[in-house]
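Each chain is listed here by its residues.
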Amino acid sequence: MPPAFVADPARYDSMTYRRAGRSGLQLPPLSLGLWQNFGTARSFDTQRAIVLRAFDLGVTHFDLANNYGPPPGAAEEFFGRILATDLRAYRDEIVVSTKAGYLMWPGPYGDFGSRKYLLSSLDQSLTRLGLDYVDVFYHHRPDTETPLEESMGALTTAVGQGKALYTGISNYDPAQTEAAAALLAAAGTPLLLHQPRYSMFDRHVEDGTLEAVDRAGAAAIVFSPLAQGMLTDRYLNGVPEGSRAVTSVFLHESDLTDDVLAKVRALNGIASGRGQTLAQLALQWVLREPVVVSAIIGASSVAQLEQNLGALHGPALTADELAAIDAALV
């Protein structure tokens, strides 16, 4: 049995928190996501070590969804075990978020955006987590077949029931974001966070999504800032055996074209000139946007977590460096 966890008393000394839009909530600039590295594919001890080390380093936000695993639900179950055995005394120092919107169980009520699905899913998530409430509950993706009023109404109900403190949306385009924010504001549960995909290799949210989030008084918290690992040193010399490009359904070896690898190497050169890893540069780059309150990182080891958190201590990006990054991405 592992020794009882006692948090590092210096855990807040070196972390600077950012305010999420026009709310009272502050988040760490890097949050720990439990998307692909938590579940039955990795040992519980490794997952526990990553979570506890993150908290000791001032990472107070842990991002989940109903279907994270594998299998779906496992990430919430594993995190619930860590909460029960190690972090229960620190619950009020932690922000826990979860989502619903993708397929979770069979039949017509286990997917998309109906009131029945969203509220049932939240109840199931709370059971797996062993919590009375989550801090943020997201609709994970827009559902064009369900009235937006119904999906946003379910989020409002979750807050009214005390099962969530704040509302969030994910993967919404600019128009959908504005409409959702207006409905939530009118209901008295204003939008707190929009979680889009954003990286040097995927800048689609610069099409107006970030502006829509800002106008709503909300904040963006971005996922996949390392482009599924492409913006790391893993692929500088080709595709190693067992890497995510070989094993993941979200990244394929065919994505790593000669053009992409040339860009990766050019960006790595910029990072090296700054005394950083490519991953640290990529994280600092997404955080340059004022509306981005946090970037969600995964970690397969404590060492990887610590290395990525080093992005928070890098020198500010200069105008010349930003121009060089843009040129490398052309």
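Residues numbered from 1 in each chain as written. Predicted model: local features only at pLDDT ≥ 70, side-chain atom pairs only at ≥ 80, totals over all residues. Heavy atoms only, no water.

1. A closer look at unusual backbone geometry
Note the following rule: Here a strand is any run of E in DSSP of at least two residues, a helix any run of H or I of at least four, and the numbering for each starts at the N terminus. When a residue's accessible area, from a 1.4 Å probe over protein chains only, is under 20% of the maximum for its type it is buried; when over 50% it is exposed; and in between it is partly exposed.
That bond from Gly69 to Pro70 is cis: its omega, 15°, falls within 30 degrees of zero. If you trace the backbone, Pro70 turns up in the loop between β4 (61-63) and α2 (74-87). Looking along the chain, the bond that leaves Pro70 and enters Pro71 is cis, with omega of -15°. Not every positive phi belongs to a glycine, and Gln228 is a case in point at roughly 55°. Structurally, Gln228 is set in the loop between β9 (219-222) and α7 (244-247). Exposure remark for Gln228: the relative accessible area of 10% places this residue in the buried category.

2. Describing the side chain of Asp111
Our working rule: Polar contacts, as used here, are pairs of N or O atoms within 3.5 Å; protein pairs need one atom able to donate a hydrogen and one able to accept it. Residues neighboring in sequence count only if both atoms are side-chain atoms. The contact rule is simple, with two residues in contact once any of their heavy atoms fall within 4.5 Å.
Position of Asp111 among the secondary structure elements: in the loop between β5 (95-100) and α3 (115-129). A polar atom in the side chain of Asp111 sits 3.0 Å from the backbone nitrogen of Leu103. Within the structure, Asp111 has its side chain in polar contact with the side chain of Arg141 (distance 2.9 Å). Apart from residues lying up to four places away in sequence, Asp111 is in contact with Gly101, Tyr102, Leu103, Tyr117 and Arg141.

3. Quick word on the nonpolar core
Convention followed: By nonpolar core we mean a set of buried residues, namely Ala, Val, Leu, Ile, Met, Phe, Trp, Tyr and Cys, connected to one another through side-chain atoms within 4.5 Å.
Judged by nonpolar contacts, the single largest core of 90 residues is most densely connected at Leu32, Phe79, Leu87, Phe137, Met200, Leu267 and Ile325. With 7 residues, helix α9 (residues 278-286) is the single largest residue contributor to this core. Filtering out sequence-adjacent residues up to four positions away, Met200 remains in contact with Leu231, Leu267, Leu281, Ala282, Trp285, Ile325 and Leu329. Counting residues in each nonpolar core, the second largest holds 12 residues, with Tyr138, Leu192, Leu193 and Val293 among its members.

4. Notes on the environment of Ile221
Looking at the secondary structure, you find Ile221 in strand β9. The class for Ile221 is buried, based on a relative accessible area of 0%. If near-sequence neighbours (up to four positions away) are discounted, Ile221 is found in contact with Leu27, Ser31, His61, Tyr138, Leu193, His194, Gln195, Pro196, Val293, Ser294 and Ile296.

5. Observations regarding the pattern of salt bridges
Put simply, the test is: Any Lys or Arg side-chain nitrogen located within 4 Å of an Asp or Glu carboxyl oxygen qualifies as a salt bridge.
Taken as a whole and assessed by the stated rule, the structure comprises 16 salt bridges. For Arg141, the salt bridge goes to Asp111, with nearest N and O atoms at 2.9 Å. Taken together, the residues span a long stretch of sequence, with Arg141 in the loop between β6 (134-139) and α4 (148-160) and Asp111 in the loop between β5 and α3 at a distance of 30 residues. Given a relative accessible area of 15%, Asp111 falls into the buried group. Close ionic contact of Glu206 with Arg288 constitutes a salt bridge, the shortest N to O distance being 3.4 Å. Pair noted here: Glu206 is in the loop between β8 (191-195) and α6 (209-215) and Arg288 is in the loop between α9 and β10 (292-297), with a separation of 82 residues, a long-range link. For Glu206, a relative accessible area of 30% translates into the label partly exposed.

6. Regarding the sheet that holds strand β7 (residues 164-170)
Applied cut-off: The pairing criterion for strands is at least two bridges between them, as found by DSSP. Note on method: axes are straight lines fitted to C-alpha atoms, helices fitted across the in-contact stretch only, with angles between N-to-C directions ranging 0 to 180 degrees.
Reading around the barrel, the 8 strands line up as β3-β4-β5-β6-β7-β8-β9-β10 and close back on themselves, with parallel pairing between neighbours. Taking the axes of each pair of neighbouring strands and ignoring which way they run, one obtains an average angle of 30° across the sheet. In terms of strand pairing, β7 meets β8 through 4 bridges, oriented parallel. Across the sheet, residue Gly168 finds its bridge partner in β8, namely Leu193. Along the sheet, α4 contacts β6 and β7; its crossing angle with β7, the most-contacted strand, is approximately 160°.

7. Describing the pairing of β10
Here β10 lies mainly inside the structure; 6 of its 6 residues are buried. Bridge count for β9 against β10 is 3 bridges, and the pairing is parallel. Bridge assignment links Ile221 to a residue of β10, and that residue is Ser294.

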